[in-house]
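# Descriptive structure summary
Chain by chain, the residues:
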Amino acid sequence: MASFINSIRNITSDSWWFVKIAFFSAVVFFVLDQGYYQRNNQSYMIVYLLLCMLGFGCASFLMNRNINNRTPILPSFFNIPVLIKDSIFSSIVAIPGTVLFCIVVNYLYENFEFEPFVAFIVYLCVTLFFVSFIFIPMVLYSVNGNLTDAFKFNIIYEASGNYTVQFASYLIQYVFIMGFATYLVYITILEMLGDHVGLLILKAVVIVISFLSVFSFSSDLYQDVIPEIKKRQDKKRRRIRQ
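Here's a quick rundown of the structure. The structure displayed is predicted, hence computed values, not measured ones. (Residues numbered from 1 in each chain as written. Predicted model: local features only at pLDDT ≥ 70, side-chain atom pairs only at ≥ 80, totals over all residues. Heavy atoms only, no water.)

## Brief notes about a nonpolar patch on the surface
To keep things clear, this is the line we draw: Residues qualify for a patch when their relative accessible area is over 30% and they have no salt bridge, like charges being joined within 9 Å and the nonpolar side chains of Val, Leu, Ile, Met, Phe, Trp and Tyr within 5 Å. Where accessible areas are quoted, they stem from the Shrake-Rupley method and a 1.4 Å probe; at the residue level, only the protein chains shown are allowed to cover. The salt bridge criterion pairs a side-chain nitrogen of Lys or Arg with a carboxyl oxygen of Asp or Glu, the two atoms within 4 Å. Secondary structure elements are defined from DSSP: runs of H or I of at least 4 residues count as helices, runs of E of at least 2 residues count as strands, and each element is numbered from the N terminus. Think of it in three bands: with a 1.4 Å probe and only protein chains considered, a residue is buried below 20% of the maximum accessible area for its type, exposed above 50%, and partly exposed in between.
Together, Phe 23, Phe 77, Ile 80, Ile 84, Ile 88, Ile 92, Phe 151 and Phe 153 make up a nonpolar patch on the protein surface, roughly 820 Å² of accessible area in all. For the nonpolar patch, the leading source of residues is helix α4 (residues 80-111), giving four residues. Relative to the helices and strands, Phe 77 is located in the loop between α3 (45-67) and α4. Residue Phe 77 is classed as exposed on the basis of its relative accessible area of 62%.

## What to know about the layout of surface pockets
For clarity, the threshold we go by: A pocket here means an open set of points on a 1 Å grid, computed over the protein atoms alone, that has protein on both sides within 12 Å along at least five of seven lines. A cavity is instead a set of points where a 1.4 Å probe fits but cannot get out; residues with an atom within 4 Å of a point line either one. Grid points are joined across faces, edges and corners, and a volume is the space filled by probe spheres set on the points. Each residue gets one label: Ala, Val, Leu, Ile, Met, Phe, Trp, Tyr, Cys and Pro are nonpolar, Asp, Glu, Lys and Arg are charged, and the others, such as Gly, are polar.
Size it by volume and the largest pocket reaches roughly 1400 Å³. Lining of the largest pocket is provided by 45 residues; of these, Leu 51, Gly 55, Phe 56, Val 208 and Phe 211 occupy positions nearest its centre. Those elements that place two or more of their residues in the lining of the largest pocket are α2 (17-37), α3, α4, α5 (116-144), α6 (153-193) and α7 (197-220). Looking at the lining of the largest pocket element by element, the count peaks at eight residues for α2. Taken together, the residues of the lining of the largest pocket sort by class into 36 nonpolar, seven polar and two charged.

Keep in mind these numbers describe shape, not what the thing actually does.
Structure follows, in structure tokens:
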């Protein structure tokens, strides 16, 4: 059954997961650290965009391996050609919905003032509305690495309601488990070292694990909440039988 715990279990099933997570976190740490010094540098946004594309590529690689029960589940240097292809195609799939989500959130933030609790409800509802249109196409693409599969709108429409419910359940688990664990580590670092570089390292690690976890969780919903993509051969056989 898909859950936050199972999503982490998927990631740690890779025999080199610790090294790979450390490497990905180091990349995120470097980008975040440099970002503090280049806030006004517009060209630095290209770095963020490339990192985002690479992240989508890693997520697509993970989902494909998880759905098809292949190992290793996390990409390495030997998978760079596949990773480049997945980074480009998965970005084509995910970025439009992600950008639209950011535009809506930014519009609400700049044009409306909500009480803290009301703001939480509003932004949560907006998030739950968009998640199915971002993650389901990513899952569909990742099954076979076929770009056209991501735009099977009948599957997206059929799965969106149940996926949203499952995602809400995932968020609750994430807050109680990941949120609590992060808070404990944060307090420990803050008390022992103060406002230390360790806090930025913690932030980078949390970003990487959270990012991979949500896609791992989504891939677990394939063939359960997200209907299976029917192969063309199956359609041909049905026509022959008819």
